[in-house]
Amino acid sequence: IPANMEVMRLFVTSVFAIFLLLHDGHADQPRKISMRIVEEPSNYGYAGNQANSVKTLTPRVKASNVSGPVPLQQLAGRCYSKVLDTYKYKFCPFDNVTQYEQSLRWNPYSGILGVWQEWEIENNTFTAMVMPEGDDCGKLRRQVKVYFRCGNRNEVMNMTEPTTCNYMLEFKTPLVCHPHVMLVYPTLSADLQSQWDQAEQELYEEQITQKGYKKRLRRIFEAAGYQLSQKKQDELKDAVSNQDKTQEGEFTSLLTCNAEYKKLKEEVETLREQVKTQEEKFPDADEILLDDHLPMDYDMMDDYI
């Protein structure tokens, strides 16, 4: 209801302002003015923002494969939303996290905060989902870490920004209530478990240092698909670089150039059809006669403004 009242107030105020501009003391003579029809979606109010949102959010990189604790893998393909203050956050496990501004302003912000890539692992425990490569944030790129909490249902609990462009999302779910569900070792194959056992033995016998032990574990986690190898990290950087070049008008191959050309051509044809349709619907839209001496009740106008 408040949003509807705001729309009504803006509409009435606009009509009154137009009346004052047109009423220049020559009430007995109608004037000929030019008007331009602008075809744009209304974006007033929360419902307007959702129903008329035309911006498609496109990640700059692909999400990694589903991995990690088996119970959590059933969340893949689902999404969970929560409105906090003036933003709506949408968390899609093993995919991405997006943000939508719930605002009355004409062009509310919406964007991707991060894309699923790997697990953060500490002390034999999956501690967080790491989702980097979100939208640009000045010279940085947005990134999200998702932490799981025990709860009686699947739900986004909170979203904070501890440091600029780095977000922390808390998600509660009954899937992590078992004390051992987030342990890494039980999820590994027999071969990788054997490699971990070997590393533990060599560390105990002081054949390797703590630093060497951590490197061994890192390779095990990479082999399991839980963390990105150096090769995967390089491929990710190349993908981001190519995507940025494409957005800036540069193309890394003839194939991408042709694809972008086809897309732009389709957009131009669509715009031409829209212009043609409007011209057919409003053939005299550029020349509209307005009579200045329309009756106006100023006292009634005051009641609405």
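Structure's up top.
None of the values given here were measured: they were computed from a predicted structure. (Residues numbered from 1 in each chain as written. Predicted model: local features only at pLDDT ≥ 70, side-chain atom pairs only at ≥ 80, totals over all residues. Heavy atoms only, no water.)

## Details of the sheet that holds strand β6 (residues 118–122)
Item 1. Taken in spatial order, the five strands make up an open sheet running β6-β7-β10-β12-β11, and their pairing is mixed. Edge positions in the sheet fall to β6 and β11 (155–163), since each of these pairs with one other strand and no more. Ignoring which end each strand starts from, the neighbouring axes of this sheet average 30 degrees apart.
Item 2. Of the pairings in the sheet, the one linking strand β7 (residues 125–131) to strand β10 (residues 143–150) comprises three bridges and is antiparallel in character. Residue Met 131 lies in a different strand from β10, and its bridge partner there is Val 144. (Pairing = 2+ DSSP bridges. Helix = DSSP H or I, 4+ residues; strand = E, 2+ residues; numbered from the N terminus. Axes fitted to C-alpha atoms, helices over the stretch in contact; angles between N-to-C directions.)

## Side note on the side chain of Gln 99
Item 1. Turning to its location among the elements, Gln 99 is positioned in strand β4 (residues 96–101).
Item 2. Of the polar contacts made by the side chain of Gln 99, one reaches the side chain of Tyr 89; its length is 3.2 Å.
Item 3. Those residues within four positions of Gln 99 in sequence are excluded, and the remaining contacts are Tyr 87, Lys 88, Tyr 89, Tyr 109, Ser 110, Gly 111 and Leu 113. (Polar contact = N/O pair within 3.5 Å; in protein donor to acceptor, adjacent residues only side chain to side chain. Contact = heavy atoms within 4.5 Å.)

## So, the state of the cysteines
When the sulfur atoms of two cysteines share a covalent bond, that bond is a disulfide.
Item 1. Applying the stated rule across the entire model yields three disulfides.
Item 2. Across the disulfide, Cys 79 is cross-linked to Cys 92 (sulfur-sulfur distance 2.0 Å). Note on the Cys 79 and Cys 92 pair: the S-S dihedral is about 110 degrees, so by sign convention the disulfide is right-handed. Here the residue Cys 79 occupies a position in the loop between α2 (45–51) and β2 (80–84), and Cys 92 occupies one in strand β3 (residues 87–92), the gap between them amounting to 13 residues.
Item 3. Across the chain, the disulfide pattern expressed with sequentially numbered bonded cysteines is 1-2, 3-5, 4-6. (Disulfide = S-S within 2.5 Å.)

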